[in-house]
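Summary of structural features
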Amino acid sequence: TFSATKSDDPLSHCCDVRQACDQICGSTLRQCNDAFESCMNSTCAVAPDRDDCERSASIHKLMTQLGDGCTKLVPGQTASCQCVAADEAAARRAQVLTDVYKKHAPESIDKVPGLVEKATTPKKFATLLAKLVQKYPKTITRKKDPSAAYLENLMKQAKDKGAKAPEEEEEEEADDDDDGDLL
């Protein structure tokens, strides 16, 4: 189970997957960013208001670029990685996959042995887990993160400001001038 934040944004699923990727042992910053961008592109392609979705995606991408991805990637992986002896790695991978399939797709549990044979390195296993998280979003448990709440607030403020009509902004500026001068 991976943690993410809650949002009403149509791209919240992509943000959840991005944050979960940070917590997948063996994933890379580039892999997480690429999957995030791909998710946003495919979501916006079918969104009812594509322009609004693409604006939101641009803000999400900017916020991701502004933040140091390693500050979330490293602690997330430190918390989720479990060192096992090389000869025990395949069994541990099989257990992780079995747990995912038991809970989210019991009809596909017979795929586990073949997937373990293909995912023979930490990077390949991380790629597989990232795909499973995207395919089975219920693998993600949403938790409120203080820094995410701050970023959500910034996103809301940016959206609200972009939605204001120019005359509203002029009225606000005029109101600011009427506060009185201290002369």
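Refer to the preceding data block for the structure.
Small disclaimer: the values here were computed from a predicted structure and weren't measured.

Turning our attention to the overall build of the protein. When you go through the protein residue by residue, the secondary structure sums to nine helices and two strands. The order of α-helices and β-strands along the protein, N terminus first, is β-α-α-α-α-α-α-α-β-α-α. Burial analysis of the protein (183 residues in total) assigns 32% to the buried set. Contacts in the protein between residues far apart in sequence, at least 24 positions, make up 69% of those at least 6 positions apart. On the protein, roughly 11900 Å² of surface is accessible, and the fraction owed to carbon and sulfur atoms is 54%.

Across all of its chains, the model carries four disulfides by this definition. Note on cysteine connectivity: C14 is disulfide-linked to C39, with sulfurs 2.2 Å apart. Across the S-S bond of C14 and C39 the torsion is about -80°, and the bridge reads as left-handed. Of the two residues, C14 is situated in helix α1 (residues 12–22) and C39 in helix α2 (residues 29–45); the sequence distance between them amounts to 25 residues. Each member of the pair, C14 as well as C39, carries the same accessibility label: buried. Counting only the cysteines that take part in disulfides, in the order they occur along the protein, gives the pairing 1-5, 2-4, 3-8, 6-7. Cysteine C83 shares no disulfide, and the gap to the nearest cysteine sulfur, in C81, comes to 7.3 Å. The class of C83 is exposed, set by a relative accessible area of 84%.

Before going further, it helps to examine the pattern of salt bridges. The final tally for this structure, using the stated rule, is six salt bridges. For the salt bridge of K61 with E37, the shortest nitrogen-to-oxygen distance reads 3.2 Å. Of this pair, K61 sits in helix α3 (residues 50–66) while E37 sits in helix α2, and the two are 24 residues apart along the sequence. Here E37 falls in the partly exposed class, since its relative accessible area comes to 31%. For E54, the salt bridge identified is with R50, shortest N-O distance 2.9 Å.

Moving on to α2. The first and last C-alpha atoms of α2 sit 24 Å apart over 17 residues, in line with the 24 Å expected at 1.5 Å per residue. Inspection of α2 places Q31, C32, F36, C39, M40 and C44 among the buried residues, and these make up the whole buried set.

What counts and how
- All residue numbers refer to position in the chain's written sequence, counted from 1.
- Thresholds applied to this predicted model are a pLDDT of at least 70 for local features of residues and 80 or more for the giving and counting of side-chain atom pairs; totals over whole chains, interfaces and linings are not thresholded and use all residues.
- Each side-chain value is worked out from all heavy atoms of the structure, with water and hydrogens disregarded.
- By definition, any uninterrupted DSSP run of H or I lasting at least four residues is a helix, any uninterrupted run of E lasting at least two residues is a strand, and each is numbered from the N terminus.
- Relative accessible area decides the class of each residue, using a 1.4 Å probe on protein chains only: under 20% of the type maximum gives buried, over 50% gives exposed, and in between gives partly exposed.
- Contact criterion: two residues are considered in contact whenever any of their non-hydrogen atoms come within 4.5 Å of each other.
- All accessible-area figures derive from a Shrake-Rupley calculation using a 1.4 Å probe, and residue coverage is judged against the displayed protein chains alone.
- For the purposes of this analysis, a disulfide is any pair of cysteine sulfur atoms at a distance within 2.5 Å.
- Put simply, a salt bridge is a Lys or Arg side-chain nitrogen that is within 4 Å of an Asp or Glu carboxyl oxygen.
- Expected helix span is computed as 1.5 Å times (number of residues minus one).

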